[in-house]
Amino acid sequence: MNQGSRPGRGNQRPQGSGSGNGRGATGAGRSNQNPRSSNPRSGSESGSESSTGSWSKTHGGPKQGKKSGAPAKKKYAGPQAFGKERFGKNLGPVSAERTKPTQRAQAAAAHSDLEGVRLQKVMANAGVASRRVCEEMIANGRVEVNGVLIAEPGIRIDPERDTVHVDGMRLQLNADMRYFVFNKPRNVVSTMEDPEGRRCISDFIRKKGQERLFHVGRLDYQTEGLLILTNDGEAANRLAHPSYEVPKTYLVQVRGPMAAGIGAQMKKGIKLEDGWQSVDSFKLVDSTPGHVLVEVILHSGRNRIVRRLFEEVGHPVTRLVRVQVGPIRLGDQKQGTIRPLGNQEVGHLLAMVGM
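As the structure is a computational prediction, the values presented were derived from the model and not from experiment. (Residues numbered from 1 in each chain as written. Predicted model: local features only at pLDDT ≥ 70, side-chain atom pairs only at ≥ 80, totals over all residues. Heavy atoms only, no water.)

(A) The overall build of the chain, seen in detail. A tally of helices and strands in the chain yields eight helices and 17 strands. For the chain, the accessible area works out to roughly 16,800 Å², and carbon and sulfur atoms hold 47% of it. (Helix = DSSP H or I, 4+ residues; strand = E, 2+ residues; numbered from the N terminus. Areas by Shrake-Rupley, 256 points an atom, 1.4 Å probe, with all protein chains shown as cover.)

(B) Seen up close, the pairing of strand S14 (residues 291–298). Counting buried residues along S14, eight of its eight residues qualify, which places the element largely inside the surrounding structure. A two-sided burial pattern is seen for S14, the buried positions comprising His291, Leu293, Glu295 and Ile297 on one face and Val292, Val294, Val296 and Leu298 on the other. Of the pairings in the sheet, the one linking strand S10 (residues 248–255) to S14 comprises eight bridges and is antiparallel in character. Considered in S14, the bridge of Thr249 is made with Ile297. Where strand S13 (residues 281–288) meets S14, seven bridges bridge the pair, whose relative direction is antiparallel. Its bridge partner being in S14, Asp286 is matched across the sheet by Leu293. The loop that links S13 with its antiparallel partner S14 comprises two residues; one of these, Gly290, has a positive phi angle of about 90°. (Buried < 20%, exposed > 50% of the residue type's maximum accessible area, 1.4 Å probe, protein only. Pairing = 2+ DSSP bridges.)

(C) Spatial organisation of helix H4 (residues 131–139). Burial in H4 covers these residues: Val133, Cys134, Met137 and Ile138. The buried residues of H4 occupy an angular sector of 145° when projected down its axis, which confines them to one face. Against helix H3 (119–125), strand S2 (143–145), strand S3 (148–150) and strand S5 (164–166) lie the buried residues of H4. Gly141 lies just past H4 and shows a positive phi near 75°. (Arc of directions from axis to C-beta. Contact = heavy atoms within 4.5 Å.)

(D) Spatial organisation of the packing of aromatic side chains. Counted under the stated rule, the structure contains two aromatic pairs. With centroids separated by 6.4 Å and ring planes inclined at 25°, the aromatic side chains of Phe282 and Phe310 adopt a geometry described as stacked. Here the residue Phe282 occupies a position in strand S13, and Phe310 occupies one in helix H7 (residues 305–312), the gap between them amounting to 28 residues. In this structure Phe310 comes out as buried when scored by relative accessible area, which is 1%. The ring of Tyr221 carries Arg198 above its face, with NZ or CZ at 5.1 Å from the centroid. (Phe/Tyr/Trp six-rings, centres within 6.5 Å; stacked < 30°, edge-to-face > 60°. Lys NZ or Arg CZ within 6 Å of the ring centre and 35° of its normal.)

(E) Structural view of the confidence of the model for the chain. Residues of the chain with pLDDT of at least 70 account for 68%, and the chain-wide mean is 76. Counting contacts from residues 1–54, a segment whose pLDDT is below 50, to residues more than four positions away or on other chains yields 208 contacts. (pLDDT = per-residue confidence, 0-100.)

(F) The arrangement of the sheet that holds S3 in detail. Strand order across the open sheet formed by four strands is S3-S2-S5-S6, with antiparallel pairing between neighbours. The sheet terminates laterally at S3 and strand S6 (169–170), the two strands that pair on one side only. As paired strands, S5 and S6 are joined by two bridges and run antiparallel to one another. Paired with His165 across the strands is Arg170, a residue of S6.

(G) Examining the pattern of salt bridges more closely. Applying the stated criterion to the full structure yields 13 salt bridges. Taking the shortest distance from any N to any O, the salt bridge between Arg198 and Glu196 comes out at 3.7 Å. Relative accessible area serves as the criterion here: at 31%, Arg198 is assigned to the partly exposed category. Between Glu345 and Arg339 there is a salt bridge, with its nearest N and O atoms 2.9 Å apart. (Salt bridge = Lys/Arg side-chain N within 4 Å of Asp/Glu carboxyl O.)

(H) Quick peek at unusual backbone geometry. Residue Pro257 follows Gly256 across a cis peptide bond; omega there is 0°. Within the secondary structure layout, Pro257 lies in the loop between S10 and helix H6 (262–268). Here Asn146, not a glycine, exhibits a phi torsion of approximately 55°, which is positive. Unusually for a residue other than glycine, Asp167 sits at a positive phi of about 55°. Along the chain, Asp167 turns up in the loop between S5 and S6.

(I) Examining the nonpolar core more closely. Within the largest apolar cluster, 31 residues are counted, with the highest numbers of intra-cluster contacts made by Val252, Met266, Phe282 and Phe310. When residues of this core are traced back to their parent elements, those giving at least two are strand S7 (179–184), strand S9 (224–230), S10, H6, strand S11 (270–272), S14, H7 and strand S15 (317–325). Excluding residues that lie within four positions of it along the chain, Phe310 makes contacts with Val252, Val254, Met258, Met266, Phe282, Val294, Val296, His315, Pro316 and Val317. Ala126, Ile138, Val164 and Leu171 belong to the second-largest nonpolar core, a separate cluster that totals 22 residues. (Core = buried A, V, L, I, M, F, W, Y, C linked by side-chain atoms within 4.5 Å.)

(J) Just the pairing of S10, in detail. Most of S10 is tucked away, with seven of its eight residues classed as buried. Bridge count between S10 and S15: seven bridges; the pairing is antiparallel. Bridging from a neighbouring strand, Tyr250 pairs with Arg322 of S15.

(K) Looking closely at the side chain of Arg319. Topologically, Arg319 is positioned in strand S15. Among the polar contacts listed, one links the side chain of Arg319 to the side chain of Glu224, at a separation of 2.9 Å. (Polar contact = N/O pair within 3.5 Å; in protein donor to acceptor, adjacent residues only side chain to side chain.)

(L) H7, seen in detail. H7 sits mainly inside the fold: six of its eight residues count as buried. The complete set of buried residues in H7 reads Ile305, Val306, Arg307, Arg308, Leu309 and Phe310. Gly314 occupies a position one or two residues after H7 and carries a positive phi of about 85°.

Structural data, given as structure tokens:
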């Protein structure tokens, strides 16, 4: 199971999390195994996929409260970019800092290409807002071209060459690039094909002959939850690369009771056969006789890392669901379904990996 990773680049991690409005964003289908908030029952891993109950109602991802010591999100006056779209519309501006533009990028941004397209028209065509509102956004200092702040709406750009950020969000100006969220059920292989004939991702893609999609990372055969699918190879590579430290959030069900201090032990670090590993966050969600539900956040992409950590502390996992990757959340999306990412979600995702 590929679950992100954490060596070293200094990219700030996003503090907020996306919102899964409507159906877009999970839980896990329905069945007899339904670990609910008051009574998560999953004594074994047998059986079909189940509804998440408390898993999806309050844990589509970590809460959006501000973390201690975290930088405040930059606020922008005026209408929200992509405010009318269905998915990801409450993510707000991007708080992570991007690398400074090169002198060549600055020169390109300062040059008004007479044969290009007006910036406000490019923004409107990308679905940001009406052309008039886009002009106001530019005048209010909310728009960058090639990393340079633009204050004049009349500038012309080349949508195929230039990059545009609004409120820190990257606009994907290439309409051919597609981004999806797949809610993987249990007993599905995280590949497009399986030589053993097991169910895999391609079995859930309805449109035959669709362009090739890459899966960002993997989940092991029995793990459920969020997988990002895209035909953007550069974005897929960056999201899976350890240097970008993309956080992943999991709901973990184990048999209880759980001794005090295990959370602190996991945050401090546990020695596994392939080295030390720790989690960034450990939160007890629910505890009933015989069962414990925990939320953990970590960056590691090591194979089966969540299961191995809990096995090491004496609590083998009985159910594991990934509910969030970076700013993208499952919310109440049904198992086995695929939905497109909203423009805000795409913008936050690309900005997080320096695009």
